[in-house]
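Results of the structural survey
These are the residues of each chain, in order.
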2 protein chains.
Amino acid sequence: MDDGPVAGDTPTLHDVAREAGVSIATASRALNGSARNVRAENLTRVRAAAAKLNYEPHLSAQAIAKGSTMTVALVVRDVADPYFSSIAAGVTQAAREAGLIVTMAVADSSPERELEIVKTLRGQRPRIVIIAGSRIDGTPTRESLIEELQEYRTAGGQVVLVSQRDLPFGTVTIDNHGGSAALARALLSIGYRRFAVFHAPPSLRTSRDRHEGFLSGLTGVPEPLAIETGFTRAGGYDAARRLVERGLEDVEVVFAVNDVMAIGAMTAFRDAGLTPGTDIGVAGFDDIGSAVDVVPSLTSVAVPLREAGVSAMRLALSADAEATTRLPVSVVLRESTPPRPPA
Amino acid sequence: MDDGPVAGDTPTLHDVAREAGVSIATASRALNGSARNVRAENLTRVRAAAAKLNYEPHLSAQAIAKGSTMTVALVVRDVADPYFSSIAAGVTQAAREAGLIVTMAVADSSPERELEIVKTLRGQRPRIVIIAGSRIDGTPTRESLIEELQEYRTAGGQVVLVSQRDLPFGTVTIDNHGGSAALARALLSIGYRRFAVFHAPPSLRTSRDRHEGFLSGLTGVPEPLAIETGFTRAGGYDAARRLVERGLEDVEVVFAVNDVMAIGAMTAFRDAGLTPGTDIGVAGFDDIGSAVDVVPSLTSVAVPLREAGVSAMRLALSADAEATTRLPVSVVLRESTPPRPPA
DNA sequence: TTGTACGCGTTATCAT
DNA sequence: ATGATAACGCGTACAA
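Residues numbered from 1 in each chain as written. Chains lettered and ligands numbered in written order. Predicted model: local features only at pLDDT ≥ 70, side-chain atom pairs only at ≥ 80, totals over all residues. Heavy atoms only, no water.

- An unreviewed UniProt entry lists chain A under the name LacI family DNA-binding transcriptional regulator, with Nonomuraea insulae given as the organism.

Take a look at the structure:
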C-alpha cells in the first residue's frame, strides 16, 4: 500500500513515474514525446498513473525544457468593443484548434501603453504575437514598436498585425478602401447625390482609408462635406449634432466611418427631431451585430471580424513572415438609406 | 570590445551578468529579488546591462524557479458577447494593476468543453482562475468540475466564479432576483398589469433567478404568461414571433431575461407589424450599451459588468477563499415601457 | 555584499 | 525500449 504524494501537492512527472514503476524519462516519452518508442505495457501503465494522480504537465517547465512556449499573445485596443472582441473570438478559436494558449492584453488606445505591453510581453516568449487595432501611424513610438517586434522575429516568433498595413510583418487587412468605394457607388446607384462624411483624425489609418475610399467611389457629384470627430459612438453623436446646428442644407446622406459612430449619429438626429432614413440617410461600416436591431436598420459594410482573427492565426502558423491577407467586405443596404427617387 | 551574445539569440540573465561583470546571483538580485542587498554601483551596472541588451526575464523560468506563476486564467462562455467581453475588460484591467498576466479560454456554452478547459488549464498553474457565465447547474459535469476546481485550491490557487452562486468558491454575483423584482415593481407603478416573460431553460441559473425575481415582484396581478426560449437574440426573436402567432391577447408588456433577447423580440414585433413601446412594452436585463441606441430605447436593469470583472480579481487577491460579493443593480426605465394610463 | 551551487519540472542526449 | 544525466533560465540557500 503506497501513500502517493503528500496531500495538497501537485503531482509531477516524477510522481507519475514512481506510481507507474518506470523511469521519469519513460514517463515523459509515454505522455508527451515520441510515444512510439515505449513498450505498450509501460505506455498504458504510465497513462493509468497519470490519470489516477490527475497529472497535468507543468507548461512552464515544458517551455524552458523545450525552449519554446505554446503561447500566443493577443494585444487589443479594447476588449469591450465588439469590433475587437469579435477578432479575439476568432483568435481564441483558431488557437484552440492549434493547441495554443492565448494571453490577452489591452492597450487602451494608448501607443505608449501598447509599446510597454509589447515590451513586457517578451517575457512570455510567445510563439506568436497578434496586435489588433493598433494606431501606430505617425506616433513617436512607432519606430520603437517596430524595433521591438523585430526582436520577436529574431527570437523565432511570428508577428501578425490586424488591420495595420505597411509594416514589415504578417498582416491581415480588411479592404477598407474598396469597401467604402463600393458603398459610395451603391448609394449613388440608388439616387443619392449629396454626401457628408463623419471621420476620425487621419492619423487613424482605418478612418483615413475609409474616408478616401468613399471619396474615390463618388463621381460626378459635389465634394462631400467632411466633419472630423472621434472614432466612437460619442464622436458620431457629436458630429451629427454639429451638422444639424450648422444646417443640413442639401446633405442627403451621411457616411460615418464606423457603425458605432453611425448609430450615435442616428440617435443625435432623432434627438434633434429628425427621422434617420426618412429625413436623412445614414450609413456606417463594420456591420456590427446591432446594425440590424437599430431603427431604421443600418446600411453598412460587412467585415468578417471573426474571420480576421482566424486568418491572423492562420498567417502566423504558416510561418510566412510578411504575407498579407486581405479580407473581402460586402455592402449591405438597409432601411437607413432607402432608395431616393430622382428629383 | 565585447561582441555580446550571438545575434538572433534572446539574452538571458547570464548574458546580463557577464555584460555587467557580476555573477548571475547578483544580477538576479539587482533586477528582481531583494535589490537592497546589492551595492549601488553594481545595481546601476546591472540595470544598464539589462537595458543595453533589452533583457526581459523569462517568465516560465521564473515560474518554475519560484514555484508560482503570475497568471490568471479567465474562462468565459463567449468573448464576442458584450456581456462577457465587458467582464473580461474588468478582469484584464485589474490584472494589469496587480501585475498579472491574463490567459483567456472560451467555453462555447458547453459544460463538457468547460470541464476540459479547466482540466488542461491546470498545466498553466495559474495563481487565479476566474470563470464567468458557466452553466454548471444540474449538468452531469458539475461534480467533476467542482472537484477539479478544488485541486486549484489545494495547489494554492484562488478560484472565483462570476454570477454562479452556491458553490464553495469565491463568488461575484449580480442581484438577478432583486433586480428583476425591482423592475416588476417599477412596471407595476407605471400602470402595467398584464405581463409576459421570455426566459431560458431554468437550468440556466441566471435566467431562473431573473424569472423568479420578476414573479416575486408582481403582486395583485394575473399570473404572467411564460415563454421558454433560447438565451440569445434569436431566442428573443423566436419567442416574440410565437407570442404574436398565438395572439397577444391582453399582454401589455414583455420582460425578456436579457437585453439581447429583448432586442431580438423588438425586431420580431416590428417585423410582425407591431410597434414596440406603443403596441407592446418591452423590458430587458443587463443594460448593454446598445440599449440606448435601439428604438424605442430599451427599459432594462443596469448591471456593472466591468465592475464584476474587477471585483472578481479583487476577491481573488484578497485570498478570502469563499467570500461573496454581490453587485447592486438598478432599474432604468426608458421609452420601450412608457407609462400606461389606468384603464 | 557577493559568488557558488543546488533545485524547480520537464525534455533530450547518450549509453545501455 | 529504457534509464541515468545534462541541459533549459532563473531564484535562493549557503558559504565566503
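Next comes the rest of the write-up.
1. As for the overall build of chain A
- Counting its regular elements, chain A contains twelve helices and twelve strands.
- Its C-alpha atoms give chain A a radius of gyration of 26 Å, more than 25% over the compact-globule value 20 Å for 343 residues.
- For chain A, buried positions account for 55% of its 343 residues.
- A separation threshold of at least 6 residues defines the contact pool for chain A, and within that pool the share at least 24 residues apart is 74%. (Helix = DSSP H or I, 4+ residues; strand = E, 2+ residues; numbered from the N terminus. Rg over C-alpha atoms; globule rule 2.2 N^0.38 Å. Buried < 20%, exposed > 50% of the residue type's maximum accessible area, 1.4 Å probe, protein only. Contact = heavy atoms within 4.5 Å.)

2. With respect to the pairing of strand 4 (residues 158–162) of chain B
Residues and elements named next belong to chain B.
- Here strand 4 lies mainly inside the structure; five of its five residues are buried.
- Alternating residues of strand 4 divide into Gln158, Val160 and Val162 and Val159 and Leu161, and every residue in both groups is buried.
- Bridging between strand 3 (residues 128–132) and strand 4 involves five bridges; their strand directions are parallel. What sits directly across from isoleucine 128, in strand 4, is glutamine 158. (Pairing = 2+ DSSP bridges.)

3. A few points about the relation of the copies chain B and chain A
- After a rotation of 180° and a shift along the axis of 0.1 Å, chain B superposes on chain A with an RMSD of 0.2 Å. A rotation of that kind, with that shift, is consistent with a two-fold axis.
- Take the interface residues of chain B: 100% of them recur as interface residues in chain A, which is what a same-surface contact looks like. (Least-squares fit on C-alpha atoms with pLDDT ≥ 70 in both.)

4. Concerning the packing of aromatic side chains
Residues and elements named next belong to chain B.
- A complete count under the given rule lists six aromatic pairs over all chains for this structure.
- Summarising the aromatic geometry, the rings of phenylalanine 195 and phenylalanine 214 are spaced 5.7 Å apart at their centres and angled 75° between planes, so their arrangement reads as edge-to-face. Here phenylalanine 195 is found in strand 6 (residues 195–199), whereas its partner phenylalanine 214 is found in helix 9 (residues 205–217), with 19 residues between them in sequence.
- By relative accessible area, phenylalanine 195 is classed as buried at 4%.
- Owing to a relative accessible area of 0%, phenylalanine 214 belongs among the buried residues under this scheme. (Phe/Tyr/Trp six-rings, centres within 6.5 Å; stacked < 30°, edge-to-face > 60°.)

5. A look at the interface of chain B and chain A
- Counting from both sides, the interface comprises 48 residues of chain B and, opposite them, 48 residues of chain A.
- Here chain B meets chain A over a buried area of about 4100 Å², counting both sides, of which 53% is carbon and sulfur.
- For the interface between chain B and chain A, the tally reads two salt bridges.
- The residue arginine 233 of chain B makes a salt bridge to aspartate 293 of chain A at a minimum N-O spacing of 2.9 Å.
- Counting every contact that joins chain B to chain A gives 16 residue pairs in polar contact (both at pLDDT 80 or more).
- Looking at the side of chain B that touches chain A element by element, the count peaks at six residues for helix 5 (residues 82–97) of chain B.
- As paired elements, strand 2 (residues 101–106) of chain A and strand 2 (residues 101–106) of chain B share three bridges and run antiparallel to each other. Bridge pairing in strand 2 of chain B links threonine 103 of chain A to threonine 103 of chain B. (Buried area = accessible area lost by both parts, 1.4 Å probe. Salt bridge = Lys/Arg side-chain N within 4 Å of Asp/Glu carboxyl O. Polar contact = N/O pair within 3.5 Å; in protein donor to acceptor, adjacent residues only side chain to side chain.)

6. Things to note about the nonpolar core
- Grouped together as the largest cluster of nonpolar side chains are 150 residues, with contacts concentrated most on Ile130, Phe198 and Phe269 of chain A together with Ile130, Phe198 and Phe269 of chain B.
- Leaving out residues up to four positions away in the same chain, phenylalanine 198 of chain B has contacts with Ile227, Gly236, Ala239, Ala240, Leu243, Val254, Phe255, Ala256, Val257, Met261, Ala265 and Phe269 of chain B. (Core = buried A, V, L, I, M, F, W, Y, C linked by side-chain atoms within 4.5 Å.)

7. What to know about the protein's contact with DNA strand D
- For DNA strand D, the set of nearby residues contains 25 residues, the closest of which are Thr26, Arg39 and Asn42 of chain A together with Leu13 and Tyr55 of chain B.
- Restricting attention to atoms of DNA strand D within 4 Å of the protein, one finds that 68% of them are sugar or phosphate atoms.
- At 3.2 Å from a phosphate oxygen of DNA strand D is found a main-chain nitrogen or oxygen belonging to histidine 58 of chain B.
- Of all the secondary-structure elements, those providing two or more residues to the surface near DNA strand D are helix 2 (24–31) and helix 4 (59–66) of chain A together with helix 2 (24–31) and helix 4 (59–66) of chain B. (Near = heavy atom within 4 Å.)

8. Comments concerning the protein's contact with DNA strand C
- Close contacts around DNA strand C come from 26 residues, with Leu13, Ser28 and Tyr55 of chain A together with Thr26 and Asn42 of chain B the closest.
- Taken together, the sugar and phosphate atoms account for 68% of what DNA strand C places within 4 Å of the protein.
- The side chain of serine 28 of chain A places a nitrogen or oxygen atom 2.5 Å from a phosphate oxygen of DNA strand C.
- The side chain of asparagine 32 of chain A places a nitrogen or oxygen atom 2.7 Å from a phosphate oxygen of DNA strand C.
- Looking at which element gives the most residues to the surface near DNA strand C, the answer is helix 4 of chain A, with five residues.
- When the residues that make up the surface near DNA strand C are grouped by side-chain class, the tally is 13 nonpolar, nine polar and four charged. (Nonpolar A, V, L, I, M, F, W, Y, C, P; charged D, E, K, R; others polar.)

9. Digging into the packing of helix 8 (residues 176–189) of chain B against helix 9 of chain B
All names here are of chain B.
- Following both chains from N to C, one finds helix 8 and helix 9 inclined at 40°, their axes separated by 7 Å at the closest point. Considered as vectors, helix 8 and helix 9 are oriented oblique to each other. Crossing of helix 8 against helix 9: the hand is right-handed. Here helix 8 contributes Asn176, His177, Ser180, Ala181, Leu183, Ala184, Arg185, Leu187 and Leu188 to the contact with helix 9, which in turn contributes Thr206, Asp209, Arg210, Glu212, Gly213, Phe214, Ser216 and Gly217. (Axes fitted to C-alpha atoms, helices over the stretch in contact; angles between N-to-C directions. Parallel < 35°, antiparallel > 145°, perpendicular 65-115°, else oblique. Left-handed = near helix turned anticlockwise from the far one by under 90°.)

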